[in-house]
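Read off the chains here:
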Amino acid sequence: MLVGLIADRVDRVRTGRAGTGRYLVTSFHPYSFVMPLSQSKQLNRAEIVDKNFTTFVEEHAGSEQRRRTDDEPLSPSTTLSVRAFKELLESQLISRHLDLMARVLRVQNKVFYTIGSSGHEGNAMVARLTRHTDPAFLHYRSGGFMAERFRKLPGMDPIMDSALSFAASKLDPASGGRHKVWGSKPLWVLPQTSTIASHPPKAFGTALAIDQAQRIGHPLPIPGDSIVVCSFGDASANHATAQGAFNAAEWAGYQQLRAPVLFVCEDNGIGISVKSPTGWIAASFSQRRHMAYFYADGLDLERGFDAVARAVDFCRSERKPTFLHLKTTRLMGHAGTDFEIEYRAFDDIFAGEAADPLLRSAALALEHSVYTKAELLGIYEDIRRRCFAAADAADRTAKLTELEDVIAPLAPYSSDAVVAEAARAPADDLRVAHFGSQAQLPERQAPRHMAININQSLHDLMLKYPSSLLFGEDVAQKGGVYTVTKGLWHKFKGARVFNTLLDETTILGLAQGLANLGMLPIPEIQYLAYYHNACDQIRGEAASLQFFSNGQYRNPMVVRIAGLGYQKGFGGHFHNDNSMAALRDIPGLTIACPSRGDDAAMMLRTLMALSHVDGRVSVILEPIALYMTKDLYAPGDGQWAFPYPAITEAIAVGEPRVYHESATDLLIISYGNGVLMGLRAAKALADSGVSTRVLDLRWLQPLNTAAICSAARACKRVLVVDEGRTAGPGEGVLSALVEGRCANRPIAQVRGVDTYTPLAGAANLVLPSDESVLAAARRLLLE
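Residues numbered from 1 in each chain as written. Predicted model: local features only at pLDDT ≥ 70, side-chain atom pairs only at ≥ 80, totals over all residues. Heavy atoms only, no water.

Draft legend 1. Layout of the environment of Leu-667. As for its position among the elements, Leu-667 is in strand β18 (residues 666–670). For the pair Leu-667 and Cys-715, spaced 48 residues apart in sequence, the C-alpha separation works out to 6.0 Å. In this structure Leu-667 touches Arg-693, Leu-695, Ala-711, Ala-712, Cys-715, Arg-717, Val-718 and Leu-719, once residues within four positions along its chain are discounted. (Helix = DSSP H or I, 4+ residues; strand = E, 2+ residues; numbered from the N terminus. Contact = heavy atoms within 4.5 Å.)

Draft legend 2. Focus on the packing of aromatic side chains. Enumeration over the complete set of coordinates arrives at 18 aromatic pairs. Consider the rings of Phe-294 and Phe-314, whose centres lie 5.6 Å apart with planes at 55 degrees: the pair is tilted. Placement of the pair is Phe-294 in strand β9 (residues 292–297) and Phe-314 in helix α10 (residues 301–318), with a sequence separation of 20 residues. A ring pair is formed by Phe-346 and Phe-350, whose centres lie 5.5 Å apart and whose planes are at 40 degrees; its orientation type is tilted. Residue Phe-346 and its partner Phe-350 are located together in helix α11 (residues 346–354), separated by four residues, close to a single helical turn. You can call Phe-346 buried: its relative accessible area is 17%. Phe-350 sits in the buried class, given a relative accessible area of 2%. One aromatic cluster in this structure is built from Phe-232, Phe-246, Phe-263, Phe-285, Tyr-293 and Phe-323. In this structure, Lys-185 is placed above the aromatic ring of Tyr-553, and the distance from its NZ or CZ to the ring centre is 4.4 Å. It is Arg-596 that lies over the ring of Phe-642; its NZ or CZ is 3.7 Å from the centre. (Phe/Tyr/Trp six-rings, centres within 6.5 Å; stacked < 30°, edge-to-face > 60°. Buried < 20%, exposed > 50% of the residue type's maximum accessible area, 1.4 Å probe, protein only. Lys NZ or Arg CZ within 6 Å of the ring centre and 35° of its normal.)

Draft legend 3. Quick look at the pattern of salt bridges. The full count for this structure, using the stated rule, is 45 salt bridges. In this structure, Glu-250 and Arg-288 form a salt bridge, with 3.4 Å as the shortest nitrogen-oxygen distance. In this pair, Glu-250 is assigned in helix α8 (residues 240–254) and Arg-288 in the loop between α9 (280–285) and β9, connecting sequence segments 38 residues apart. Across the pair, Arg-288 and Glu-250 agree in class, each one buried. Via salt bridges that share partners, Glu-87, Glu-90, Arg-128, Glu-148, Arg-151 and Arg-386 belong to a single interconnected network. (Salt bridge = Lys/Arg side-chain N within 4 Å of Asp/Glu carboxyl O.)

Draft legend 4. Structural context of the side chain of Asp-172. Structurally, the position occupied by Asp-172 is in the loop between α6 (158–166) and α7 (200–216). No salt bridge is formed by the buried Asp-172; the nearest opposite charge belongs to Arg-178, separated by 7.3 Å. Separated by 2.9 Å, the side chain of Asp-172 and the backbone nitrogen of Ala-174 make a polar contact. Here Asp-172 is in contact with Asp-161, Leu-164, Ser-165, Gly-177 and His-179, once residues within four sequence places are set aside. (Lys, Arg positive; Asp, Glu negative; His and termini not counted. Polar contact = N/O pair within 3.5 Å; in protein donor to acceptor, adjacent residues only side chain to side chain.)

Draft legend 5. Quick look at the sheet that holds strand β17 (residues 657–659). Read from one edge to the other, the open sheet built from five strands follows the order β17-β19-β18-β21-β22, with strand pairing classed as mixed. One side of each edge strand has no neighbouring strand; the edge strands of this open sheet are β17 and β22 (747–751). Neighbour to neighbour, the strand axes of the sheet diverge by 20 degrees on average, direction disregarded. Both β17 and strand β19 (residues 692–696) contribute to a ladder of three bridges, which runs antiparallel. By the bridge assignment for β19, Arg-657 is matched with Asp-696. (Pairing = 2+ DSSP bridges. Axes fitted to C-alpha atoms, helices over the stretch in contact; angles between N-to-C directions.)

Draft legend 6. Examining the sheet that holds strand β20 (residues 699–701) more closely. A sheet is described by the order of its strands in space; here seven strands give the open sequence β12-β11-β13-β14-β16-β15-β20, paired in mixed fashion. Of all the strands in the sheet, just β12 (497–499) and β20 have a single pairing partner and so form its edges. On average, adjacent strands in this sheet sit at an angle of 20 degrees to one another, irrespective of strand direction. One ladder, built from two bridges, connects strand β15 (residues 590–592) with β20; its direction is antiparallel. Paired with Ala-592 across the bridge in β20 is Trp-699. Contacting β11 (468–472) and β12, helix α18 (residues 488–496) crosses the sheet at an angle of about 70 degrees to β12.

Draft legend 7. Representation of the packing of helix α26 (residues 705–713) against helix α27 (residues 729–739) within the structure. Following both chains from N to C, one finds α26 and α27 inclined at 70 degrees, their axes separated by 9 Å at the closest point. Between α26 and α27, the interaxial angle falls into the category roughly perpendicular. In this structure, α26 meets α27 at a crossing whose hand is right-handed. Here α26 contributes Thr-705, Ile-708, Cys-709 and Ala-712 to the contact with α27, which in turn contributes Val-733, Ala-736 and Leu-737. Class assignment for the residues of the contact of α26 with α27 results in six nonpolar, one polar and no charged. (Parallel < 35°, antiparallel > 145°, perpendicular 65-115°, else oblique. Left-handed = near helix turned anticlockwise from the far one by under 90°. Nonpolar A, V, L, I, M, F, W, Y, C, P; charged D, E, K, R; others polar.)

Draft legend 8. Quick peek at unusual backbone geometry. Here the bond from Gln-701 into Pro-702 is cis, since omega is -5 degrees, no more than 30 degrees from zero. Mapped onto the fold, Pro-702 is located in the loop between β20 and α26. Positive phi is not limited to glycine here, since Leu-564 has a value of about 70 degrees. As for its position among the elements, Leu-564 is in the loop between β14 (557–563) and α23 (581–584). Positioned with a positive phi, Arg-741 is a non-glycine residue whose angle comes to about 60 degrees. Take Arg-741: it is sitting in the loop between α27 and β22.

Draft legend 9. The nonpolar core, seen in detail. Membership of the largest hydrophobic core comes to 149 residues, with the highest contact counts inside it found for Phe-263, Ile-538 and Leu-719. Aside from chain neighbours lying at most four places away, what touches Leu-719 is Leu-666, Leu-667, Ile-668, Ile-669, Ala-748, Gln-749, Val-750, Val-773, Ala-776, Ala-777 and Leu-780. Counting 75 residues, the second-largest nonpolar core is a separate cluster that includes Ile-94, Met-125, Phe-150 and Ala-391. (Core = buried A, V, L, I, M, F, W, Y, C linked by side-chain atoms within 4.5 Å.)

Draft legend 10. View of the state of the cysteines. One pass over the structure, following the stated rule, counts zero disulfides. Looking at Cys-315, it has no disulfide partner, and the nearest cysteine sulfur is the one in Cys-230, 11 Å off. Here Cys-742 is not cross-linked by a disulfide; its sulfur's nearest cysteine counterpart is in Cys-709, at 3.2 Å. (Disulfide = S-S within 2.5 Å.)

The following block contains the structure:
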């Protein structure tokens, strides 16, 4: 019995009665059938879609046209050749059968991913018309695109590679079994496991980076006329992250900055269960002045091909942001566990199935005598066999079974190479020319506060790494709101030091784009509170790339963030934010937090070396209140101003600084502002004959648990000072003490209160202070 829809389009869907039962009566061109409605609810939609294709081909009227040669156009209305059509059709069929295979084998626990591409196979046209060196950031319905892009290089097998990924095989060439991702190193498809639409910012950043690299003389790993492809669904186009990328692209277009990004909105009209308003994508994007809009029918290769070609050609030739609105449909639900009948009307489901792009491609193949019915069905079944055979082979391959293998690409650390690289100095003649003379080199100057030491370090690092770029809000001519980047713009000019628009998501997206093309970005987030607007660009994107690409891709960067509390005269929680949990929770992220200027300079050298050698993403939290601090115990004592460290000196990741190392009565563990409070408490306690050791963590992630426990074992009591709140570094220190079996002594903590930091003097009520630290130490000494 015929169990599916078998037409290119639905002309009419209605319900009626036949005998005593209720039936669904469907009518379309050229076939119709009647099916009991109760039965239709029980049918597997994947089986229906599968059966639709074979029934449609079997019952097609055929054609009397002569068979065209492969080099001829498919029809007079398109430039699509017969050969190209055949290959696109094959890519569509590969994508479809991978979906069908996944639905069957998921229940056998041989496949672990069922979000399919069915209905979106028209995106193969985008792959056909772009190059394999055009970086691509794809959403999960990109099976057609990938199958087609695999043609760009010889010897690659889209079916086997995909089957390995579906099976979470250790041999998966994209992620090594860590996730089902569309990705390929040789095909420049950077793997995505994005949260909703979190990849457009880095796609825009990569497009902008193509021109930026050429401006600074950085050798590109791709041709200079490449474009960047970024695909997403119509529902995701509404997401704030996507909208930020579209705005940034128009911002670039308005200024005539070259940003050749092709945004491909695959519009199937629904996001999981929520419909997009009819016409919304066209209404929202077709009238934008600084991002060209193109529409293409992704359901019809004959009608859609030339429209896609126009969009690609415009983006490549004009080097401007381009929006391609690609009409698609969604078949078989959102994923294998999605039961559309719970939220979607039957006529909508049937209409989607009737619009199946493979039915239209089959019609084109038969009407234009590209294939006979027998040939087409033979190809269809052969691809099915290939997909199941590949899945069976993939199921028998090795899987990830050891923790060490799982986490191996997450945070590579070549310690000896990083230490050596951090100690490598820029050429002496470059430094002398840059700073003016030998006498003006920073290491020959008087001790200075942290802001100056960081500034001088950035000058040196940009000399050392010619492909480094520094950017953010107000960092250029103004030199930053705290003058930390003062003079860099004048020395390195706008190609390497520049202001961005006021959007942290775009700043971090641009950093990823620059890093994707081999540069070493140093983005600045003006305040820690502003980072929270864009945290997924680090957590979900930048920090995960090496993990989900099995170490094949890397996007190294050193993110500078001004933060923490105690800023005088300019307060409130936005400018005194000490919420670090959203950073410390990110797998593989290295977090530095210096308390003094010379440490800041040496830690920056290490972080840049870590990025250069191992491609790592790191953050340096710069305590705002310590930028200008020169004194420690009394006004004018100058004991917190430090000489610029020798150019070959650096601090290894995790290495703490210990003050009063011989002291054993009390250990104070802290970081940033808390270190100064600890030292002042130690001085006060010394007057009572108490010896106090102070441990400056310097690195908040990873914590050096061995150093923490070693210092704790040498002291009778431990006081942890943490200006942060719940889930702050202090909790990590306490866990290290317990797990290291060092908690067999009196331990206490002074930390910030779980509240927002208020303005003015009220801030002192919610943050640790000299008085509260000293009082806690004295209480602890009584135990």
